[in-house]
Structure formats: C-alpha cells, structure tokens
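# Architecture and fold: a report
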Amino acid sequence: MRPERITSRRNPLLQQIRRLLTSRRARQEEGLFVGDGTKLLEEAARWYGGLETVILTDTLPVPELPPDTAVYQVPADVMESLSPCLLYTSPSPRDGATS
C-alpha cells in the first residue's frame, strides 16, 4: 500500500489524533485507542487484527501492516506536533472488535 502524505498540522485526522492522545473521554466515546512507538506498532500489527491507521514520519520505511490499514506519512515537524514516534489508531480491544 502506498502511503498518503499529510503536510498540514490542521488536517482533520491529525486533529482527531491529538484529541485521542489528550482525552481519555474522547478515546472512550470514539471507541479508539492510540499507541505510540515502533514496538507497540510492531506488536499491534502482529497480534491485533483491527489496526486501522498508521501515521509515521516520511523518513521511515512503511512496515508490514494488515492489508486494510490506512498509512499516512508526515514531515518530521508535523509529527513532532503529535509525537516523536509512530502512531496508530484502532478500535479499542474492550469493544470486542475483531478482524
């Protein structure tokens, strides 16, 4: 899958990620969770079939991911506004979502 590029910090997806990162209530209401870091991404890709979205800096290679995962690349300065590492969102495992 070829990643889509996001360059604006005001992109609606990035705004949603910021809300999810800072608000437990937003995560609960949307039934999503956010993981931060390459290790968590590797584990989620390996063991969790509900991985929906991955955001990574444009300098990193796109890892092996489930086929339906949306992949977005952002410049380093945009990623810094979110996190210094990879991010992903998925339905919360507590919701009983399965692939």
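Up top is the structure these notes are about.
Residues numbered from 1 in each chain as written. Predicted model: local features only at pLDDT ≥ 70, side-chain atom pairs only at ≥ 80, totals over all residues. Heavy atoms only, no water.

The next thing to look at is the nonpolar core. Grouped together as the largest cluster of nonpolar side chains are ten residues: I6, L13, L14, I17, I55, Y72, V74, V78, M79 and L82. Looking at this core, the elements with two or more residues in it are α1 (12-22), β4 (70-74) and α4 (76-80). It is α1 that provides the largest number of residues to this core, a total of three residues. Leave out the neighbours within four places in its chain, and V78 touches T7, R9 and L14. L51, V54, L56 and V71 belong to the second largest nonpolar core, which has seven residues in total. (Core = buried A, V, L, I, M, F, W, Y, C linked by side-chain atoms within 4.5 Å. Buried < 20%, exposed > 50% of the residue type's maximum accessible area, 1.4 Å probe, protein only. Helix = DSSP H or I, 4+ residues; strand = E, 2+ residues; numbered from the N terminus. Contact = heavy atoms within 4.5 Å.)

Turning our attention to α1. Among the residues of α1, L13, L14, I17 and L20 are the ones counted as buried. Buried residues of α1, viewed axially, fall in a sector of 120 degrees; they line one side. Facing away from the buried side of α1, by more than 90 degrees, are the exposed residues P12 and T22. (Arc of directions from axis to C-beta.)

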